[in-house]
Amino acid sequence: MATMKVFVFTLIWCLLHVGIEGRVVNLLQSFDGSRISYGFSNSFNRIFDTSKYGILQLNNGLAQTPQMGWNSWNFFACNINETVIKETADALISTGLADLGYVYVNIDDCWSAAKRDSEGQLVPDPKTFPSGIKALADYIHGKGLKLGIYSDAGQFTCQVRPGSIYHEKDDAALFASWGVDYLKYDNCFNLGIKPQDRYPPMRDALNATGRTIFYSLCEWGVDDPALWAGKVGNSWRTTDDINDSWVSMTTIADINDEWASYAGPGGWNDPDMLEVGNGGMNYQEYRSHFSIWALMKAPLLVGCDIRNMTAETFEIISNKEVIAVNQDPLGVQGRKVYVSGTDDCLQVWAGPLSGHRLAVVLWNRCSKAATITAGWGPLGLESGTSVSIRDLWQHKEVVGDAVASYGARVGAHDCQMYIFTPQTVARSVN
Ligand code: GLA
């Protein structure tokens, strides 16, 4: 009987492994392995290395595409209460953002009272969440949305509320009983214990509840989570906290880029939540922030006050074509593929999409407008390949048959984002 169990387990594991690896490990095969030539070159697999593409080891069925929603921290910090959370849920519906995929309403730090109760249970802050989290979850579920909550893999949260280390089972059971759908699990007051030991107990506790709960690891990239967190969570922060500035956003994009080959359906690199709409960057910078986060298959967690956002903010975060790049089923993280200019500030970022297409971003990180040219070489295309190009911010096709390269003028700190569709050519060989 035991042998049988091992056999069945091994078989399932192998099928999962082969199924997913078969999907992308040799991207070029799927891109170029048939009777039809899609015009990709032999360097394609090296440029878009997916050799460590996630293998769904967490296997909770979630995160087939990066998570989308809202989180309270970037705008509200500790100034949260149940009214803000409910009004945000209302706004996600009334603005149409929920229909675009922004469904997680995530409460960050400061929702809980300073101490556990006499039975050792976490308690919502009675002043700010007097109706409790269950009532809030019911409200949010009633709108077809999902509720996220926050705790810490240490003694206290970063704002010194009780942490969950050594309380994993109780806290996971409590979250499940409230109807929580998502847990962000932070890294403060961690007793110097390594994250590889502190994060799995909460994974196991969440799994044991029987409720499907998205597990978002927030250990700030300290212990290179891309190397181990695929087995533990649905996403893992790769960097320190973002702040609402150009320097922070660009620095974080570059760090997250280093881990591109580890992302995939089931587990994503997380370069932290969006700052679009919080006021510290201009329109062009926020557009770049959103475009690059989408291309990197980052979680799209809006971090502004969506009850009061400007038309510009809405225009950015509601761009369906950019969101579709982020949510593309192939699930391969786009990356920086070519740089030029002073301090490498003229950049080309790109990533494979389903349907033998590429997403391409021309990103001008210099302080003056410039022309940025994407050559077919760095994109993994054969130079003679003819490509039709759709601009995702202008919402129109800009060229039907570009060959060898494509260049465009890009303003300072701005970007252009495209989908490249190589024209197919029938092969004469077998
Ligand atoms: C840490 C996290 C942030 C946020 C705060 C809350 O700094 O990285 O994303 O959750 O804690 O205190």
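Presented here is an overview of the structure given in this document.

Procedures and definitions
- Position labels on residues start from 1 in each chain and follow its written sequence.
- Owing to the predicted nature of the model, reporting of local features is limited to residues with pLDDT of at least 70; listing and counting of side-chain atom pairs is limited to 80 or more, with chain, interface and lining totals taken over all residues.
- To get the side-chain values, all heavy atoms of the structure are used, and hydrogens and water are removed first.
- The helix and strand labels rest on DSSP assignments: H or I over at least four residues marks a helix, E over at least two residues marks a strand, and numbering proceeds from the N terminus.
- The classification of residues rests on relative accessible area computed with a 1.4 Å probe and restricted to protein chains. Under 20% of the type maximum is buried, over 50% is exposed, and intermediate values are partly exposed.
- The contact criterion used is simple: two residues touch if any of their non-hydrogen atoms lie within 4.5 Å.
- For the area figures, the Shrake-Rupley method with a 1.4 Å probe applies, and any residue is considered shielded solely by the protein chains shown.
- When DSSP finds at least two bridges between two strands, those strands are taken to pair.
- Helix axes use the C-alpha atoms of the stretch in contact, all axes being lines fitted to C-alpha atoms, and the angles between their N-to-C directions lie in the range 0 to 180 degrees.
- If a single non-hydrogen atom of a residue is within 4 Å of a molecule or strand, that residue counts as near it.
- Think of a polar contact as two N or O atoms within 3.5 Å of one another; within protein, one of them needs to be a possible hydrogen donor and the other a possible acceptor, and neighboring residues in sequence only count if both atoms come from side chains.
- Polar here means any residue outside two lists: the nonpolar Ala, Val, Leu, Ile, Met, Phe, Trp, Tyr, Cys and Pro, and the charged Asp, Glu, Lys and Arg; Gly therefore counts as polar.
- Here the expected span of a helix is defined as 1.5 Å times the quantity of residues minus one.
- What counts as a disulfide here is a pair of cysteine sulfur atoms lying within 2.5 Å.

## Some points on the overall build of the chain
Secondary structure assignment for the chain yields 14 helices and 18 strands. Within the span of the chain, comprising 430 residues, buried residues form 57% of the whole. Of the contacts formed within the chain by residues at least 6 apart in sequence, a portion of 72% connects residues at least 24 apart. Of the roughly 17200 Å² of accessible surface on the chain, 53% is carried by carbon and sulfur atoms.

## Focus: the sheet that holds strand β11 (residues 346-353)
Read across the open sheet, the six strands follow the order β10-β11-β12-β17-β14-β15; overall the sheet is antiparallel. If you trace the sheet from one side to the other, it starts and ends with β10 (335-340) and β15 (396-403), each paired once. For this sheet, the mean angle separating the axes of adjacent strands, direction not counted, is 25°. Summarising the sheet, β10 and β11 pair through five bridges and their orientation is antiparallel. The residue of β11 that forms the bridge with S340 is L346. Taken strand by strand, helix α10 (residues 246-257) contacts β10, β11 and β12 (357-364), and its axis lies near 140° from that of β12.

## Here's the deal with the pairing of strand β17 (residues 415-422)
Among the eight residues that make up β17, seven are buried, leaving the element largely enclosed by the rest of the structure. Relative to β17, strand β14 (residues 386-391) runs antiparallel, the two being bridged by five bridges. Counterpart to D391 in the pairing with β17 is Y418.

## Examining the site of the ligand
The ligand sits among W73, D108, D109, Y150, C158, Q159, K184, D186, C218, W220, R237 and D241. Between an oxygen atom of the ligand and a side-chain N or O atom of W220, the distance comes to 3.0 Å. Between D241 and the ligand, the recorded distance is 2.5 Å, taken from a side-chain N or O atom to an oxygen atom. Notes on the ligand: free accessible area 310 Å², of which the protein chains cover 94%. Residues that form the shell around the ligand fall into these classes: five nonpolar, one polar and six charged.

## Remarks on helix α5 (residues 82-94)
Under the 1.5 Å per step criterion, the end-to-end length of α5 is 18 Å for 13 residues, consistent within 8% with the ideal 18 Å. For α5, the full list of buried residues reads E82, V84, I85, T88, A89, A91 and L92. The secondary structure elements touched by the buried residues of α5 are β2 (68-71), α4 (73-76), β3 (104-106) and α6 (132-142). Backbone nitrogen of T83 and a side-chain oxygen of the N-cap are separated by 2.9 Å at the start of α5; the cap is N81. Immediately downstream of α5, the backbone of G96 shows phi near 90°, a positive value.

## Quick word on the state of the cysteines
Scanning all chains against the criterion turns up three disulfides. A sulfur-sulfur distance of 1.7 Å marks the disulfide that ties C78 to C110. Of this pair, C78 sits in the loop between α4 and α5 while C110 sits in the loop between β3 and α6, placing them 32 residues apart in sequence. Classification of C78 as partly exposed rests on a relative accessible area of 28%. Owing to a relative accessible area of 3%, C110 belongs among the buried residues under this scheme. The disulfide partner of C345 is C366, and the S-S distance across this bridge is 1.9 Å. Taking the sign of the S-S torsion, 85° for the link of C345 and C366, the bridge is right-handed. Placement of C345 in the loop between β10 and β11 and of C366 in the loop between β12 and β13 (370-375) is noted, with a sequence separation of 21 residues between them.

## Some details on the sheet that holds strand β6 (residues 214-217)
Taken in spatial order, the eight strands line up as β8-β7-β6-β5-β4-β3-β2-β9 in an open sheet, and their pairing is parallel. Because the sheet does not close on itself, it has two edges, and the strands there are β8 (268-270) and β9 (300-302). The mean inter-strand angle of the sheet, taken between neighbouring strand axes irrespective of direction, is 25°. The sheet strands contacting α6 are β3 and β4 (146-152), and the helix crosses β4 at an angle near 145°.

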